[in-house]
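Examining the three-dimensional arrangement
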Amino acid sequence: PQPVTSVVGATLPTTAVLIGIGLVLQVTTAYGVAVVTMLRHNKLVSALTWWLAVAATAAPVIFTAWALRSYFTLGYGGRDWFPYRYDGTAGAYVLPLVALVAMLAGPVILLFRSELLDTLRSTFTKFAVASGHSDLRIVGVHAAKASAGPVIAYLGASLGYLMTGVVIVETIYDIPGVGNLILDSVARRDRAVVVGGVLVISVLAPARSTTAVSAEPAVVIAALNPSAIESTATNTATTPATPNIAE
């Protein structure tokens, strides 16, 4: 028998690929949808985006994954575009990633859109408009940079929830990841592998979420909007010290 670390370690890259690509797609999807709704200035588009985001949030990931698999792999209506079982090809990752993106895309879109609305009411946005920048540049570059911090922090804090979805998606699509390994080990009553897999997930998710909540907002703001950090430091340096009343 192989060591538990080797068995669990062999499945980690596949799970890491799903989580990494899923997070990137969630950010890009939320960015694109939020920017388009801000540029369109259409009540119908805004209402439709809101309802679709709420529907995606309310739908359980197990329902979304099974629906996608049934419709696009079992040949219902002649649509068998993707492999039914995992075969290592790029097409085998499409439906699992769509299910993972749909799981968190709704809240991220609503949060990004709300942050953009607040940013577009700020003073620096009015200066950007007065400077003659295009609407696309104002919304898609300047406002998006200022609004990215809370979105990244939310994604980091939701990583544990995302990893729960990965376990379900890997099982439904028979992907050889950590989640599928845990459930297979439960069926085989392999306690050592179950404990090892659960330990990996239970350690990584809280550690990553805690790091994201405490550090990532400041890192993102410093990278995307350095002037905000500089102004904060300047205000802190120029603020007079509070006198000690006890003295």
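Note that the structure is a prediction, hence the values are computed from the model and not measured. (Residues numbered from 1 in each chain as written. Predicted model: local features only at pLDDT ≥ 70, side-chain atom pairs only at ≥ 80, totals over all residues. Heavy atoms only, no water.)

1. Some points on the overall build of the chain
- The helix and strand tally for the chain stands at 10 helices and zero strands.
- Secondary structure elements of the chain, listed N to C terminal, follow the sequence α-α-α-α-α-α-α-α-α-α.
- For the chain, with 247 residues in total, the buried portion stands at 34%.
- Considering only intrachain contacts with a sequence separation of at least 6, the fraction spanning at least 24 residues in the chain is 72%.
- Put simply, the chain shows about 13,900 Å² of open surface, and 68% of that area lies on carbon and sulfur atoms. (Helix = DSSP H or I, 4+ residues; strand = E, 2+ residues; numbered from the N terminus. Buried < 20%, exposed > 50% of the residue type's maximum accessible area, 1.4 Å probe, protein only. Contact = heavy atoms within 4.5 Å. Areas by Shrake-Rupley, 256 points an atom, 1.4 Å probe, with all protein chains shown as cover.)

2. Some details on helix 7 (residues 159-172)
- Over its 14 residues, helix 7 runs 20 Å from end to end, which matches the ideal 20 Å to within 8%, given 1.5 Å per residue.
- For helix 7, every residue scored as buried is listed here: Leu 159, Leu 162, Met 163, Gly 165, Val 166, Val 167, Val 169, Glu 170 and Ile 172.
- Of the residues one or two after helix 7, Asp 174 is the one with positive phi, at around 55 degrees. (Expected span 1.5 Å × (residues − 1).)

3. Regarding the nonpolar core
- With 25 residues, the main nonpolar core has Leu 18, Leu 100, Leu 162 and Tyr 173 as its most contacted residues.
- Going through the elements one at a time, helix 1 (4-40), helix 3 (61-72), helix 4 (91-120), helix 7 and helix 8 (178-188) are the ones with two or more residues in this core.
- Beyond its immediate stretch of four places on either side in the chain, Leu 100 contacts Leu 18, Gln 26, Leu 162, Gly 165, Val 166 and Val 169.
- The next biggest cluster of nonpolar side chains, apart from the first, holds 15 residues, and it includes Val 35, Val 101, Phe 112 and Leu 155. (Core = buried A, V, L, I, M, F, W, Y, C linked by side-chain atoms within 4.5 Å.)

4. What to know about the packing of helix 3 against helix 7
- Two numbers describe how helix 3 lies on helix 7: the axes approach to 10 Å, and their chain directions differ by 25 degrees. Taken together, the axes of helix 3 and helix 7 are roughly parallel relative to one another. For the pair helix 3 and helix 7, the crossing hand works out as right-handed. Between helix 3 and helix 7, the residues in contact are Val 61, Ile 62, Ala 65, Trp 66 and Arg 69 and Gly 165, Ile 168, Val 169 and Ile 172, respectively.
- For the contact of helix 3 with helix 7, the per-class residue count stands at seven nonpolar, one polar and one charged. (Axes fitted to C-alpha atoms, helices over the stretch in contact; angles between N-to-C directions. Parallel < 35°, antiparallel > 145°, perpendicular 65-115°, else oblique. Left-handed = near helix turned anticlockwise from the far one by under 90°. Nonpolar A, V, L, I, M, F, W, Y, C, P; charged D, E, K, R; others polar.)

5. Focus: the side chain of Thr 15
- You can see Thr 15 is positioned in helix 1.
- The residues touching Thr 15, leaving out its near neighbours within four places in the chain, are Val 166, Glu 170, Gly 177 and Val 178.

6. Points about a nonpolar patch on the surface
- Taken together, the side chains of Val 17, Ile 21 and Leu 25 present a nonpolar region at the surface, about 200 Å² in accessible area.
- Position of Leu 25 among the secondary structure elements: in helix 1.
- For Leu 25, a relative accessible area of 32% puts it in the partly exposed group. (Patch = residues over 30% accessible without salt bridge, like charges linked within 9 Å, V, L, I, M, F, W, Y side chains within 5 Å. Salt bridge = Lys/Arg side-chain N within 4 Å of Asp/Glu carboxyl O.)

7. Quick word on unusual backbone geometry
- Despite not being glycine, Asp 174 shows a phi value in the positive range, around 55 degrees.
- On the secondary structure map, Asp 174 appears in the loop between helix 7 and helix 8.
- Taking relative accessible area as the criterion, Asp 174 reaches 33% and is therefore assigned partly exposed.
- Positive phi is not limited to glycine here, since Arg 189 has a value of about 60 degrees.
- Relative to the helices and strands, Arg 189 resides in the loop between helix 8 and helix 9 (191-224).

8. Focus: the packing of aromatic side chains
- If you walk through the whole model with that rule in mind, you get one aromatic pair.
- Note on Tyr 31 and Phe 112: the rings are 6.2 Å apart at their centroids and 45 degrees apart in plane angle, and the pair reads as tilted. Residue Tyr 31 is found in helix 1, and its partner Phe 112 is found in helix 4; the two are separated by 81 residues along the sequence. (Phe/Tyr/Trp six-rings, centres within 6.5 Å; stacked < 30°, edge-to-face > 60°.)

9. Topic: the pattern of salt bridges
- Taken as a whole and judged by the stated rule, the model has two salt bridges.
- Arg 121 is paired through a salt bridge with Asp 118; the nearest N and O atoms lie 3.3 Å apart.
- By relative accessible area, Arg 121 is classed as exposed at 57%.
- Overall, Asp 118 belongs to the partly exposed group, its relative accessible area being 45%.
- Measuring nitrogen to oxygen at the nearest pair gives 3.6 Å for the salt bridge that ties Arg 188 to Asp 190.

10. Structural notes on the environment of Gly 140
- Relative to the helices and strands, Gly 140 is located in helix 6 (residues 135-157).
- Each C-alpha atom of the pair Gly 140 and Leu 116 lies 9.5 Å from the other, and the pair is 24 residues apart in sequence.
- Among residues more than four places away in sequence, those in contact with Gly 140 are Tyr 31, Val 35 and Asp 135.

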